[in-house]
Each structure stands twice: as C-alpha cells, then as structure tokens.
Amino acid sequence: MVAVRSDRFRTLVRESIDPHQGIELAGEATDGFEVLSAVRNNNFDLIILGMDIGLVDGMTVLAQIMEHQPTPIIAVIDSAIDGSKTSCLLTIKNGAIDCIDQRDWITRSGNPAVGLELIDKIIHGAAMAGRIQQPAGDEEHRVVESERRVHQHALFCEECGTRNNFTTTSTSGSIELTCKGCGDKLTVTLSAKNRPINSISVIGCGSGSYPLLLDVTARIHHDYVGTNIIFIHDKSDYVSSLRDYINNVCGIQATAIEDGVSIEQNGFYLGVTDEYMIVEKASGAYRFKKVDTAPKGGPVDLLMTSVARIFSERTIGIILSGKEPDGEHGITAITQHGGTVAVLNSAYCVYSEMSENILRKCSIDWIIDKNDLVSLCSGLIPERFLQ
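Since we're looking at a predicted model, the values are computed, not measured.

The rules behind the values
- Residues numbered from 1 in each chain as written.
- Predicted model: local features only at pLDDT ≥ 70, side-chain atom pairs only at ≥ 80, totals over all residues.
- Heavy atoms only, no water.
- Pairing = 2+ DSSP bridges.
- Helix = DSSP H or I, 4+ residues; strand = E, 2+ residues; numbered from the N terminus.
- Contact = heavy atoms within 4.5 Å.
- Axes fitted to C-alpha atoms, helices over the stretch in contact; angles between N-to-C directions.
- Buried < 20%, exposed > 50% of the residue type's maximum accessible area, 1.4 Å probe, protein only.
- Arc of directions from axis to C-beta.

> Tell me about the pairing of strand β16 (residues 285-291), and please be specific about residues and values.
The pairing of strand β13 (residues 262-263) with β16 spans two bridges and is classified as antiparallel. Bridging across to β16, Ile263 finds its partner in Tyr286. Bridge count between strand β15 (residues 276-282) and β16: seven bridges; the pairing is antiparallel. Within β16, the residue paired with Ile278 across the bridge is Lys289.

> Explain the sheet that holds strand β4 (residues 73-77) residue by residue, including any values.
The strand order β2-β1-β3-β4-β5 describes an open sheet built from five strands, whose pairing is parallel. Strand pairing shows two members of the sheet lacking a second neighbour, β2 (28-29) and β5 (98-101), which therefore form its edges. The strands touched by helix α3 (residues 58-68) are β3 (47-50) and β4; relative to β3, the strand with the most contacts, the crossing angle is about 145°. Against the sheet, helix α7 (residues 112-126) contacts β3, β4 and β5, and its axis sits at roughly 160° relative to β5.

> Please set out the environment of Cys205 residue by residue, giving values where relevant.
If you trace the backbone, Cys205 turns up in strand β10 (residues 200-205). Cys205 gets classed as buried once you look at its relative accessible area, which sits at 0%. Through-space distance from the C-alpha of Cys205 to that of Asp326 is 8.7 Å; in sequence the pair is 121 residues apart. The residues touching Cys205, leaving out its near neighbours within four places in the chain, are Leu213, Ile230, Phe231, Ile232, His233, Leu320, Ser321 and Met354.

> Describe unusual backbone geometry, listing the residues and the values that go with them.
We note that Ser283 has phi near 55°; this positive angle belongs to a residue other than glycine. Counting through the fold element by element, Ser283 comes out in the loop between β15 and β16. When its relative accessible area of 84% is taken as the criterion, Ser283 is described as exposed. Positive phi is not limited to glycine here, since Ser312 has a value of about 40°. Its relative accessible area of 19% is what places Ser312 among the buried residues.

> Quick rundown of the environment of Cys99? Include the residues and the values.
For Cys99, the position within the fold is in strand β5. Residues Cys99 and Ser87 lie 12 residues apart in sequence; the distance between their C-alpha atoms is 9.0 Å. Look past the residues within four positions of Cys99 in its chain and what remains in contact with it is Ala75, Ile77, Cys88, Thr91 and Ile92.

> Quick rundown of helix α1 (residues 7-17)? Include the residues and the values.
Spacing of three or four residues puts side chains on the same side of an α-helix, whose turn is 3.6 residues. Those residues of α1 that fall on the buried side of the exposure criterion are Phe9, Arg10, Leu12, Val13, Ser16 and Ile17. Relative to the axis of α1, the buried residues are bounded by an arc of 155° and lie together on one face. Turned more than 90 degrees off the buried face of α1, the exposed positions are Asp7, Arg8 and Glu15.

These figures come from the coordinates and say nothing about function on their own.
This is the structure we're talking about:
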C-alpha cells in the first residue's frame, strides 16, 4: 500500500511497481484515516507512508500501526518541509524500517535506477513482514536497567592473553582477580572513564541498520564500559544526522571518526565508509588515521584488521544489516588474532547480504540478537554466551 499525499510520488511508485509481476499495489490513500481503516481490514506486507498525509498526521499513523498491527513501513518525508535528515531518523526510531525523501526521488525520477532502487527497498522491506515489533518503550528500558544490577565483564590477561570472565554489581571502584591461565594477579579498575582500553568492538554495517542502531543506542546505559567503533556504508549526511541524534537524545557522546581523533575507553565512534581509516598506536595512545586505499577488501575490512593487529584477542568484530560485500577479510583477521566475531541474526536484518556473506565464508563465534548487541555495546558479554 502507498499512502502519500503527492500525486506525483504515488505515480512514481505505481509506475515502478507495474512491470513487476511479483509485487501488487494493493491500495492507495491520501489521509491518515484511510490508512488506519485499510490496515484494520487488510494484511499488508509493506506500507509506503508519507508523513505529510492529511487529517491524521503520518507520525501518529505510524505509531498506531506499530502498536496495533506491526507492519514493515517505509516512511516518506519531504526534506524541504520536514527539515533535515533527522526527520528520517525520528520515523525509524518510531518503527519505520526505512525512510526516503520524496523531493529527492521526484527530482531523480527520470533515471531508471530510481525505480529499481524503490523495488529493492520494497522487496527487502516486505521480507521483514511478521518480524516487525513495537519499538522499545519505557517498560523495556526499565528491564534493561534492572538487568544491569549484575554486570558481566571479560578481562584479558596481558601476560598470557587468557579471557577471564567475572561479574560485579557496581561500575566503579576496583577488584582483584587471579588469571585462570597463568595465575597472575590482575587489578580491575571499574571506573567508567579514564582507564586503558581493555576490549573494543568494531561494528560494520550498511543499508537497513538504522532501526537497530537507534534502538540499541537508546538502551545503552550512560555508564557503559565498552569502546565501540561503528563504520557505516551510507551517505555522510545521514551518518552525521544519526550521530547528532544519538548525542541529543540517547545520552551517549558519539564522536565522528576522523583522521587524528583519539580513541579512549568508553568511547563511542561513528563514521562513514567514504574514507579508508585504520587505528594506530603512537606514544601509548590510540587514534584513527586516514589512508589512501585498502590492500585487501573494503573500508570495514581495513579498519577491523588494524584493530585486530593492536588489540588481538581483545577485539570483538560485529556485522549487522547491509548489502555491501565488506567485512570478510576484517572478520578473518580478528579470528586469526584470537578475537571474537559475531553476526546479527538475519531475522533482524533488513538487508542480509552482508551478514550472509560472512556466515558463508568465515568462522563465527556468535549469532546475536538485538539484546545481545545492547550488552556488547555496553561492554558486557551476554550471559547466554558465558555458559
């Protein structure tokens, strides 16, 4: 179903769908009441929903659908009216799986690639039917808060490299452990800030990753103890808007991945793959460094490989939703250096090409869900993987 006020955009959708026998346009609407009535009486695989529809605004309609009959929704905004790309992020935060700017698409409508791009979004979006859930609300956030009363940690011995798992009920102070590998005494500082990086997660993703990233960052507690680097295949302005949204709404300080930026414990770094970046160690500190090309693979491969060479078994490599063939060499490098690698369950991937490529070609330690990802981004090992 397409529910957009613009006649021209509805025509663009119709003309794109008509040549494809496997896709049926089951209905059109121009106001919110029509949409809600149609949803009650039909079981749509996907809805293209404009935020500017009449009578009942699009954001309210989106919220109603997600609450009563969760359905894959591609939100449509007009950036000239709704403002910046942050409007897209708001629709995704409220349950949409994707968002497009109708003004941009109408401008490019003479290009045949536009229709193919729309069909690609429809096919992948409809594949999520039956797997869409209501966005996490305050109740789910409280569950995560209560779960954090017991914190799971992993400390790697600098002498022998053994992973030592332990739990605490605090995120401050210090404790002493005995390494189960070599018997050395280990002192653990639980202060959330200003301590050496013990483990680091490198996350590679692309198309379809925003719903998950917004959900996860909203659920990470402010005293998280992980260091996270997220490298996204997308336009730089979209990633910049995501970073601004996280900083303003989620209580996490997200830093842009740029040449020369220092990497610290508890850092949360977000960047776009339009530049090749590595992590290097200089004078006891870690920082991002821009390079010209990657000797093998893509930008995610290069970044993951550089982190694995420095942090070896303390590295966690994670692949989320995306359709870009990137990450294979980086995941392999992390495995070769004794690190841990994980792939998001395809049930949570709008585009599963990236993760499925890793599953076919690489050895994986964990297949994770979104709750596992919240734990990993918080510096915690999910309890089910400690057993």
